[in-house]
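Listed below are the residues making up each chain.
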Amino acid sequence: MWTCPKCGREFRRSNQGHYCGKAPATISDYIAAQAEEHQRPLRQLRDALRQSLPEAQERIAWRMPSYWAGRHILQFSAGKTQISLYVGEAAVAAFFPVLSGYQTKKGTVYLPYDQALPLPLIQEMAVWCYEAVKSGGAWPKD
């Protein structure tokens, strides 16, 4: 086990990347805690998700902004060079042809800060995830 010298949390892997400190209470708090140059695209992403998921509840889950409608829909996190959008493996597979300009891995789409966010595509994926959760009753993992 490895213990973070800053926050004291224990992890299986050495130097595990994580969020030190108390988890943010709201998505606004989460965004405000990020680097200033990353806050604008994070707010844009949040606004796009709010527009496309009006019935969803915003939550902090696993210390990240998450969207729920009875069940988990999707979530995102801020990294050093990109935003990670966690939509599930089924969504990545369904949208793979139009995601060719983005790195994807294990149900995640990576959105670099140095590129404009593909907001219409993000909204389309969000609606797809919402419909998959509502029809299947669980987060679309496969």
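Preceding this paragraph is the structure being described.
Residues numbered from 1 in each chain as written. Predicted model: local features only at pLDDT ≥ 70, side-chain atom pairs only at ≥ 80, totals over all residues. Heavy atoms only, no water.

**Looking at the packing of aromatic side chains**
- Overall, the coordinates contain four aromatic pairs when judged by the stated rule.
- With a centroid separation of 6.4 Å and an interplanar angle of 20°, the aromatic rings of W62 and W68 are classed as stacked.
- The exposed category is assigned to W62, whose relative accessible area is 58%.
- Looking at W68, the relative accessible area reads 18%, which means it is buried.
- Centroid distance F95 to W128: 6.2 Å. Interplanar angle 85°. Geometry classified as edge-to-face. Pair noted here: F95 is in helix 3 (residues 89-95) and W128 is in helix 4 (residues 119-136), with a separation of 33 residues, a long-range link.
- Just above the ring of W68 sits the side chain of R59; from NZ or CZ to the centre is 4.5 Å. (Phe/Tyr/Trp six-rings, centres within 6.5 Å; stacked < 30°, edge-to-face > 60°. Buried < 20%, exposed > 50% of the residue type's maximum accessible area, 1.4 Å probe, protein only. Helix = DSSP H or I, 4+ residues; strand = E, 2+ residues; numbered from the N terminus. Lys NZ or Arg CZ within 6 Å of the ring centre and 35° of its normal.)

**Quick notes on the packing of helix 2 (residues 36-52) against helix 4**
- One can describe the packing of helix 2 onto helix 4 by two numbers: an axis separation of 9 Å at closest approach and a directional angle of 45°. Overall, the two elements helix 2 and helix 4 adopt an arrangement that is oblique. Handedness of the helix 2/helix 4 crossing: right-handed. Contacts from Q44, L45, A48, L49, Q51 and S52 in helix 2 reach L119, I122, Q123, A126 and V127 in helix 4.
- Of the residues in the contact of helix 2 with helix 4, the class split is seven nonpolar, four polar and no charged. (Axes fitted to C-alpha atoms, helices over the stretch in contact; angles between N-to-C directions. Parallel < 35°, antiparallel > 145°, perpendicular 65-115°, else oblique. Left-handed = near helix turned anticlockwise from the far one by under 90°. Contact = heavy atoms within 4.5 Å. Nonpolar A, V, L, I, M, F, W, Y, C, P; charged D, E, K, R; others polar.)

**Here's the deal with the nonpolar core**
- Grouped together as the largest cluster of nonpolar side chains are 32 residues, with contacts concentrated most on Y67, I73, L74, F76, L85 and V109.
- Mapped by element, the contributors of at least two residues to this core are helix 1 (27-32), helix 2, strand 5 (72-78), strand 6 (82-86), helix 3, strand 8 (108-112) and helix 4.
- Ranked by the residues each element gives to this core, the list is headed by helix 4, at six residues.
- Ignoring sequence-local partners within four residues, the contact set of F76 consists of I27, L42, L45, L49, M64, P65, Y67, I83, S84, L85 and Y86. (Core = buried A, V, L, I, M, F, W, Y, C linked by side-chain atoms within 4.5 Å.)

**A short note on the pattern of salt bridges**
- Counted according to the given criterion, the structure contains two salt bridges.
- A salt bridge links R46 to E58; the shortest N-O distance between them is 2.8 Å. A residue pair is termed long-range when its members are at least 10 positions apart, and R46 in helix 2 and E58 in strand 3 (residues 57-61) qualify at twelve residues.
- The closest approach of N and O atoms between R50 and E58, which form a salt bridge, is 3.3 Å.
- According to the relative accessible area criterion, R50 is partly exposed, its value standing at 40%.
- Among the residues examined, E58 registers a relative accessible area of 26% and is labelled partly exposed. (Salt bridge = Lys/Arg side-chain N within 4 Å of Asp/Glu carboxyl O.)

As far as function goes, none of this settles anything; it's purely spatial.
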